[in-house]
Amino acid sequence: ELEAMGVSDRRLIINMFDTTGRELSGLPSVVDIIDKANLRLAGIIPYDSRLLLMQDRGQLVDALNDCNISKAFSNIQKRLDGKNVPLFTGFKGINRKKLLNN
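Because the structure is a prediction, the values reported are computed rather than measured.

A.B. asks: Please explain the environment of Arg40 as it appears in this structure.
C.D. replies: Tracing the sequence through the fold places Arg40 in strand E2 (residues 40-46). Exposure remark for Arg40: the relative accessible area of 54% places this residue in the exposed category. Between the C-alpha atom of Arg40 and that of Ile13, which follows or precedes it by 27 residues, the distance is 9.0 Å. Among all residues touching Arg40, those that are not within four sequence positions of it are Arg10, Arg11 and Leu12.

Right under this line is the structure:
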């Protein structure tokens, strides 16, 4: 739909991505999702149950200043500004190689 409207600079953000046990669950890998969307990736927001609670309370993600979600938004902002930031940079407790090779 965006393409039909003349929007040419579209980016993909994968939201609520569960980084635990994907290979056992049969869910698509990061690479599978990117390939299917056929869009340039802006970033991945990991799943965190605290985000839903914050949303219900009307709080901003800034309150989670030392977590993977905050780092994900920071990484996306840097990529949109033209910087090269590898996926999952600065994330804690995530096996980057495992997620990208499945």
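Let us keep going from here.
A.B. asks: Quick question: what am I supposed to make of empty space enclosed by the protein here?
C.D. replies: Rolled over the atoms, a probe with the dimensions of a water molecule shows which regions are left empty. Per the counting criterion, the structure on display carries one cavity of 30 Å³ or more. Computed from the structure, the largest cavity encloses a volume of approximately 40 Å³. Together, Gly43, Ile44, Ala72, Asn75, Arg79, Leu87, Phe88 and Phe91 line the largest cavity. Broken down by secondary-structure element, the contributors of at least two residues to the lining of the largest cavity are E2 and helix H4 (68-80). By residue number, the principal contributor to the lining of the largest cavity is H4, which donates three residues. Residues of the lining of the largest cavity, tallied by class, amount to five nonpolar, two polar and one charged.

Basis of the calculations
Residues numbered from 1 in each chain as written. Predicted model: local features only at pLDDT ≥ 70, side-chain atom pairs only at ≥ 80, totals over all residues. Heavy atoms only, no water. Helix = DSSP H or I, 4+ residues; strand = E, 2+ residues; numbered from the N terminus. Buried < 20%, exposed > 50% of the residue type's maximum accessible area, 1.4 Å probe, protein only. Contact = heavy atoms within 4.5 Å. 1 Å grid on protein atoms, 1.4 Å probe; cavity = no way out; pocket = protein on both sides within 12 Å on 5 of 7 lines; lining within 4 Å. Points joined across faces, edges and corners; volume = space filled by probe spheres on them. Nonpolar A, V, L, I, M, F, W, Y, C, P; charged D, E, K, R; others polar.

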